[in-house]
Amino acid sequence: MTSFSVFLPSGFAGELAGLDPVDAFRRITAVAQAADELGFHAVYVPDHLHPIPPSQAPLFEAWTMITALAAATDRIRLGPLVTSNSYRNPALQAKIASTIDIVSNGRVIFGIGAGWYEPDYLGYGYEFGSAGDRLRRLDEAVQLIRRFWTEESVDFEGRYYRASGGLNQPKGIQQPHIPVLVAGAGEQKTLRTVARWADASNIIDSPKVLRHKYDVLRKHCADVGRPYDDIRRTATTSYILGASDAEARARVPAGAEFAFPGDLASYGLIGTESTIRERIAAYEDAGVHELVVGFEHGLEVDELRRFADLFF
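Note that this is a predicted model, so its numbers are computed, not measured. (Residues numbered from 1 in each chain as written. Predicted model: local features only at pLDDT ≥ 70, side-chain atom pairs only at ≥ 80, totals over all residues. Heavy atoms only, no water.)

Colleague: Provide a residue-level description of the pairing of strand β8 (residues 180-183), including the pertinent values.
Modeller: Residue alternation in β8 divides its side chains into two sets, Val-180 and Val-182 and Leu-181 and Ala-183, and both sets are buried. Relative to β8, strand β5 (residues 110-113) runs parallel, the two sharing three bridges. Opposite Phe-110, over in β8, you have Val-180 as the bridge partner. Here three bridges tie β8 to strand β9 (residues 200-203), and the two strands are oriented parallel to one another. Its bridge partner being in β9, Val-182 is matched across the sheet by Ser-201. (Buried < 20%, exposed > 50% of the residue type's maximum accessible area, 1.4 Å probe, protein only. Helix = DSSP H or I, 4+ residues; strand = E, 2+ residues; numbered from the N terminus. Pairing = 2+ DSSP bridges.)

Colleague: I'd like a rundown of the pairing of strand β6 (residues 154-157), residues and numbers included.
Modeller: Only one face of β6 is covered, namely the face carrying Val-154 and Phe-156; the face carrying Asp-155 and Glu-157 is uncovered. Of the strand pairs in this sheet, β6 and strand β7 (residues 162-166) are connected by three bridges, and their pairing is antiparallel. Of the residues in β7, the one forming a bridge with Glu-157 is Arg-162. The turn joining β6 and β7, which pair antiparallel and follow one another in sequence, is formed by four residues.

Colleague: Could you give an account of unusual backbone geometry, with specific residues and numbers?
Modeller: Excluding glycine, a negative phi dihedral is what most residues carry, and trans is how most peptide bonds are arranged. The step from Leu-81 to Val-82 runs through a cis peptide bond, and the omega angle for that step is -10°. Turning to its location among the elements, Val-82 is positioned in the loop between β3 (77-80) and β4 (83-84). Each neighbour pair has its own omega, and for Gln-175 with Pro-176 the value is 5°, a cis peptide bond. With phi around 60°, Asn-105 is a residue other than glycine that occupies positive phi space. As for its position among the elements, Asn-105 is in the loop between α3 (90-103) and β5. The class for Asn-105 is exposed, based on a relative accessible area of 61%.

Colleague: Could you give an account of helix α1 (residues 21-38), naming the residues involved and the relevant values?
Modeller: The end-to-end C-alpha distance of α1, which contains 18 residues, comes to 26 Å, matching closely the 26 Å that a straight helix rising 1.5 Å per residue would cover. Listing the buried residues of α1 in full gives Ala-24, Ile-28, Thr-29, Val-31, Ala-32, Ala-34, Ala-35 and Asp-36. Those residues of α1 hidden inside the fold are in contact with β1 (3-7), β2 (42-45), α2 (62-72) and α10 (301-311). Measuring from the backbone nitrogen of Val-22 back to the side-chain oxygen at the start of α1 gives 3.1 Å, which picks out Asp-20 as the cap. Directly after α1, the chain includes Gly-39, whose backbone phi takes a positive value near 100°. (Expected span 1.5 Å × (residues − 1). Contact = heavy atoms within 4.5 Å. Polar contact = N/O pair within 3.5 Å; in protein donor to acceptor, adjacent residues only side chain to side chain.)

Colleague: I'd like to hear about the pattern of salt bridges, residue by residue, with values.
Modeller: A full pass over the atoms with the stated rule returns 17 salt bridges. For Glu-151, the salt bridge goes to Arg-147, with nearest N and O atoms at 3.0 Å. For Arg-147, a relative accessible area of 26% translates into the label partly exposed. The salt bridge partner of Arg-251 is Glu-247, with a shortest N-O separation of 2.5 Å. Under the relative-accessibility criterion, Arg-251 is labelled partly exposed at 28%. Taken together, the salt bridges that share partners define one network made up of Asp-47, Glu-61 and Arg-88. (Salt bridge = Lys/Arg side-chain N within 4 Å of Asp/Glu carboxyl O.)

Colleague: Let's hear about helix α6 (residues 190-197): which residues, and what values?
Modeller: Within an α-helix, residues lying three or four positions from one another point in the same direction, as the helix has 3.6 residues per turn. Most of α6 is tucked away, with six of its eight residues classed as buried. Every buried residue of α6 is listed here: Thr-190, Leu-191, Thr-193, Val-194, Ala-195 and Trp-197. In this fold, the buried residues of α6 make contact with α5 (131-150), β8, β9 and α7 (207-224).

Colleague: Quick one: what's the story with the environment of Pro-261, residue by residue and with numbers?
Modeller: Mapped onto the elements, Pro-261 comes out in the loop between α8 (245-249) and β11 (269-271). Residue classification places Pro-261 among the partly exposed positions, given a relative accessible area of 32%.

Next up, the structure:
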């Protein structure tokens, strides 16, 4: 049975434009608390530094948000979807996550990816580099992060990162370590990183494409001697409930293609109740364990309640 999680608004899509930032964060917190009460599996926040497209609209920093939400909720798991490896030294990132695992009483999901949004890099002075370089950095960073969670003293000399006698206490609550979720669908590098080092995968695509990607992941797992079913398979989707399929499709926002490949309206949770049930079943049949849902009205608690009433 597929579980459901919530992709929280943070301002990346410009959804907080025109709102008082204090009120906006209060509303985000209320949505997270409702998700907690309703039985959603997790809440996730994106990790970006500029809205898309860049503007003066409010945008909250991801790990600060996660810390605040950890203190405001009781049961629900939480994490970034996903933190960009490029924005923080991975050893420090391991320390941050360990601390929040304590704050949350062991509820952190450590989502991480290679990074992709160039305005963040340019605006904050990070080196963008090539996609291949970012993916190689990601693979090395995940190895280092796991070691900071499992070893008493870390000595590491990699191509990109190093540590000499690195200490990290407390290491968090979860055993054997905080679960690592790696996002991305690249068949040669990213999915191999998932097979080698991750506890979960997140891919944004249609069920048809996901089925193929999971076949690739299965082969990588076999290559590294890892049981395929050890990896929790998550996918991100979008939710728009309509009186008709056509009416719901017409409400797909412009620019959705920046996050969702292909024709989102043809595979997302977009349409009537019956259509959405069919789409959920299609994700499940493809092998998805957890659907991360971005809601059309992400700051509205009532939309979460309606979803839970219909589909839980």
